[in-house]
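# A look at the structure
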Amino acid sequence: MSTSEEVLVNTLPSRDTWSGALDNEEEMEALVMNPEAQGAKASEMTPRYGTANSEVSDPGYGDAGYGTNQGASPSSSNPPCPEICTDQEVERMQRRLRFFFMNPIEKWHAKQRFPYKFLIQVIKIVLVTTQLCIFAHSRYKHVNYAWDNRVTFSHLFLRGWDTTREVNSYPPAVGPLALYVKEDFYHTLDYAVAGYRKLSDAIGPYSYDTDDNHIGSPLLSLYEYKEGVIYGFNESYQFNSEIDRHVINLTISSNASFSSKEYLISKNMVVNFSALVRASLEFSVKTVNFKAAGAITPPDCYRFDVKIDMDNGDQDGQMLLSLEAEPMRLVCQGDVEYITDNRLDYILGSILNCCVIIVCLLSLILCGRAIYRAQQLKNETIRFFKNVYGTVLSREGRLEFLNLWYLMIIANDILIIFGSAIKEQIDRKQLAGDQWNICSVFLGTGNLLVWFGVLRYLGFFKTYNVVILTLRNAAPKVARFSLCALLIYAGFTFCGWLVLGPYHIKFRSLASTSECLFALINGDDMFATFSIMPLKSPMLWWYCRFYLYSFISLYIYVVLSLFISIIMDAYETIKLYYKEGFPKSDVQAFMASCTDEASSGVFRSGSFSTSESVRSWFDKLFCRIPLRKPFSGTTGSRFM
């Protein structure tokens, strides 16, 4: 028996002493059932058995302010402790909290507990990164292949297309591809049909979307107002805003020439260009890609749904012309022997996807269990502080049990599981549409959060923890500052869109206006933004100068400087904390008096693990009269 336990046992009253202090059994029963009577009776018996500030105190914890109540009177306003609060109970709770907030290395030294959560995260980083690299390479080939075919289709089926339009440049080197004459509308349809009819002349291995490779029937769709007749000479019109869709199958022959105008007339279709909103020509083309094939990879089969769109929605005499080709991966039905012997890449990819899903599920379960156990310990700590010290655990203390790293790990686990499932379906060619972009968003965001999670383990070292602590300390101030800066930014954005939008190419839409202003903050393309503004309106030309000078000066010289100063102030605060000590919450201050080293072996003792619950239930069943008064004062004065 330890010295503190011997002193405490010597101070405990015997049953005969209690019987002498009470007049009869009825008084004893009333005392047990009435907590207020217990406090009053304990005050009467204080001179005989000692108070909380007597010479019998908790060794090793008095300096921290726990287990003692210096200056507290027996008539303290704090509620009395309903259980026997021994030094061993306080020490046990301190060690439990101390062990809970240890890092994996310290827990290994404390209880020889293998850091399986850390091992799972390391394995997950390796598997997820490997999966991402493979998928990124495959996705690049897929998107690049689809874009190259779109360029090819533009040359084959789109009248007026040239090589200068194949490169996206800003500002655009050429104007929009558009139709301005009625005959150009029919010539565009004839050019597309002629290119589709001569598909075999193309260099690419293209075929028709039919079983026997005979030429199909392109689908022409005309979207027109139900009624739209304009009499411009006397400013009158007939108009019905309801839009009707007319669908015509263009039956063409591989030998005879085709005229869309004559074909529409034969179908009793007359195109009313004053009422025409949009027209589209659709057909499908199949092909096989040998480039991706190799020793372990079979060829890929695709179907491209080609759509030539002619947009006349603005009714400004300019019908915009564009082409889209949507790729669809198909299950190849060709060289069966070759595909059977070269499925190793698919098998390895499926194994990798399954391993990633299994590891992420394990990580999700372990982190969810850790969060659940943390909340259980938090509730137990709240009850302990209330019962032992008569105080309420502070908000900062409760937040100590919420591990945001675990929440981030759970988020990336969910994203990676969904992304891996979609990738497996893509590999199996079981999706009805092109889901490459959705899969890349899930896997990319999940991998981003996985690598962010590595910062948690670097935070265990003092040198690397500065960045994390600085960001956490500056986050509230940065959020408040960003809100104010965002309101000013929104005002400039709406103003620029309204005033400069009709004349300046960078302010044509609300999104482009915001992007232009954000680029100006970072010093990008400033002179071009000034020079592009035309001189059609001298007033707006001068207003543009005043607008841009004001915005750039305000955000570069004032807002960004204040933003940097907030970060630097947080950094200086963290440096000061490293020198003078970090402020502690009530939970941290409570644990501070537990100076046992992780490798001391006390955390592997039986009293720390299994006997804790037995002793707690024993005290609840048989011990009802308190022997120590809780300390007085607020939570902040005791624990901060």
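The name given to the chain in an unreviewed UniProt entry is Mucolipin-3 isoform X1, with the source organism recorded as Frankliniella occidentalis. Quoted verbatim from the Catalytic activity (unreviewed entry) field of UniProt, the annotation for the chain is "Ca(2+)(in) = Ca(2+)(out)".

### Some details on the overall build of the chain
The secondary structure content of the chain amounts to 23 helices and seven strands. For the chain, contacts bridging at least 24 residues in sequence account for 73% of all contacts bridging at least 6. Accessible surface computed for the chain: about 36400 Å², of which carbon and sulfur atoms make up 60%.

### Looking at the environment of Glu326
You can see Glu326 is positioned in strand β7 (residues 319-330). The class of Glu326 is partly exposed, set by a relative accessible area of 42%. On a C-alpha basis, the gap between Glu326 and Arg303 in space is 8.2 Å, while along the polypeptide they are 23 residues apart.

### A word on unusual backbone geometry
Positive phi, normally seen in glycine, also occurs at Glu235, with a value near 55°. Among the structural elements, Glu235 can be located in the loop between β3 (219-231) and β4 (236-249). Of note, the phi angle at Asn268 is positive, near 55°, even though the residue is not glycine. Of note, Asn268 is situated in the loop between α10 (260-266) and β5 (276-289).

### Points about the UniProt feature "transmembrane region" (unreviewed entry) in the chain
Listed under "transmembrane region" (unreviewed entry) in the UniProt record, and renumbered for this structure, are residues 346-368, 404-423, 435-458, 478-500 and 546-568. Within residues 346-368, the helical portion is 100% and the strand portion 0%, while the C-alpha atoms at the span's ends are 32 Å from each other. Across residues 546-568, helical content stands at 100% and strand content at 0%; the span's end C-alpha atoms are separated by 32 Å.

### Observations concerning the confidence of the model for the chain
Across the chain, the average pLDDT comes to 78, with 76% of residues at 70 or higher. In the model of the chain, helix α5 (residues 46-49) stands out as the element of lowest mean pLDDT, 32, in contrast to helix α18 (residues 510-521), which has the highest, 94. Every residue in residues 1-85 is under pLDDT 50, and counting partners more than four places away or in other chains gives 106 contacts. Considering only residues more than four positions removed or in separate chains, one finds that residues 609-618, a stretch of pLDDT under 50, has 10 contacts.

### Some details on the pairing of β4
With 12 bridges joining them, β3 and β4 adopt antiparallel strand pairing. Among the inter-strand pairings, Val229 is bridged to a residue of β4, identified as Gln238. What sits between β3 and β4 in their antiparallel hairpin is a turn of four residues, with Glu235 showing a positive phi close to 55°.

### Side note on the pattern of salt bridges
Under the counting rule described, the total for this entry stands at 14 salt bridges. Between Asp413 and Lys124 there is a salt bridge whose closest N-O contact spans 2.7 Å. Taken together, the positions of Asp413 in helix α14 (residues 404-428) and Lys124 in helix α8 (residues 116-157) put the pair 289 residues apart, joining distant regions of the chain. Both residues of the pair, Asp413 and Lys124, belong to the buried class. Here Asp427 and Lys423 are joined by a salt bridge, their closest N and O atoms 3.1 Å apart. Of this pair, Asp427 and Lys423 both sit in helix α14, four residues apart, which is roughly one turn of the helix.

About the criteria used
- Residues numbered from 1 in each chain as written.
- Predicted model: local features only at pLDDT ≥ 70, side-chain atom pairs only at ≥ 80, totals over all residues.
- Heavy atoms only, no water.
- UniProt positions renumbered as here; feature names shortened; annotations may be inferred.
- Helix = DSSP H or I, 4+ residues; strand = E, 2+ residues; numbered from the N terminus.
- Contact = heavy atoms within 4.5 Å.
- Areas by Shrake-Rupley, 256 points an atom, 1.4 Å probe, with all protein chains shown as cover.
- Buried < 20%, exposed > 50% of the residue type's maximum accessible area, 1.4 Å probe, protein only.
- pLDDT = per-residue confidence, 0-100.
- Pairing = 2+ DSSP bridges.
- Salt bridge = Lys/Arg side-chain N within 4 Å of Asp/Glu carboxyl O.

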